[in-house]
Amino acid sequence: MTNLNEITYVDWQLKLNTIGGVAEGADDINQCIAIILLTKKGTVPHRPTFGSDIYKYIDYPINEATPNIVREATDAITMWETRIKINSIEVEIEESTLTVKVEWTLKDSNANGVTEVSYDTTA
């Protein structure tokens, strides 16, 4: 369990699926990106535009799904995670799993990161 005095970053949040854990720094950004991409637009009552619509393209042919998923992910991340600049987004579709890999750079420094978000298309 993390003590509040041990938090060293201005931006932080409780770590998902961990009792007493805290996400700071790159972990915080990775968790934010995952939340944005895995939240369907319209499911957050007071923020109906929060999230992404990447799931809409799951049944499309891969050559049509990939650019649409990249666009949706880019739009959503640009709108909701303003601390980063997106360098690239790659999409991998394998059987029933969609994986979105986001390479990013912090806007206020040259720190880089990579976030991988997997979406189970059978859920």
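Residues numbered from 1 in each chain as written. Predicted model: local features only at pLDDT ≥ 70, side-chain atom pairs only at ≥ 80, totals over all residues. Heavy atoms only, no water.

1. Here we look at the overall build of the chain
Selection criterion: Where helices and strands are cited, they refer to DSSP runs of H or I of at least four residues and of E of at least two residues respectively, numbered from the N terminus. Buried, partly exposed and exposed residues are distinguished by accessible area as a fraction of the type maximum, computed with a 1.4 Å probe on protein chains only: under 20%, between the cut-offs, and over 50%, respectively. Every residue pair with non-hydrogen atoms within 4.5 Å of one another is taken to be in contact. The method behind every accessible area is Shrake-Rupley, applied with a 1.4 Å probe, and residues are considered shielded solely by the protein chains displayed.
Regarding its fold elements, the chain presents two helices and five strands. Mapped in sequence order, the helices and strands of the chain form the string β-β-α-α-β-β-β. Relative to its full complement of 123 residues, the chain shows a buried share of 34%. Of all intrachain contacts in the chain linking residues separated by at least 6 positions in sequence, the fraction that spans at least 24 positions is 31%. By element, 51% of the accessible surface of the chain is carried by carbon and sulfur atoms, the whole surface being about 7,800 Å².

2. So, the pairing of strand E3 (residues 84-94)
Heads up, the condition is: By definition, two strands form a pair when at least two bridges between them are found by DSSP.
Pairing of E3 with strand E4 (residues 97-106), which is carried by 10 bridges, proceeds in the antiparallel orientation. Note that in E4 the partner of Glu94 across the bridge is Thr97. Between E3 and E4, which pair antiparallel one after the other, the connecting turn spans two residues, and Glu95 there sits at a positive phi close to 50°.

3. Notes on the pattern of salt bridges
In plain terms, the rule: Only one rule defines a salt bridge in this text: a Lys or Arg side-chain nitrogen within 4 Å of an Asp or Glu carboxyl oxygen.
If you walk through the whole model with that rule in mind, you get four salt bridges. Among the salt bridges present, the one from Asp28 reaches Arg83, with a minimum N-O distance of 2.6 Å. Taken together, the residues Asp28 in helix H1 (residues 25-38) and Arg83 in the loop between helix H2 (62-80) and E3 connect sequence positions 55 residues apart. Since its relative accessible area comes to 23%, Arg83 is described here as partly exposed.

4. Regarding a negative patch on the surface
How we decide: Only residues whose relative accessible area exceeds 30% and that form no salt bridge are eligible for patches; like-charged ones are grouped when within 9 Å, while nonpolar side chains (Val, Leu, Ile, Met, Phe, Trp, Tyr) are grouped when within 5 Å. For this count, His and the chain ends are skipped, Lys and Arg are scored as positive, and Asp and Glu as negative. Note that the charge is assigned to NZ on lysines, CZ on arginines, CG on aspartates and CD on glutamates.
Taken together, the side chains of Glu90, Glu92, Glu94, Glu95 and Glu116 make up a negatively charged region of the molecular surface. It is E3 that contributes the most residues to the negative patch, three residues altogether. Turning to its location among the elements, Glu116 is positioned in strand E5 (residues 112-120).

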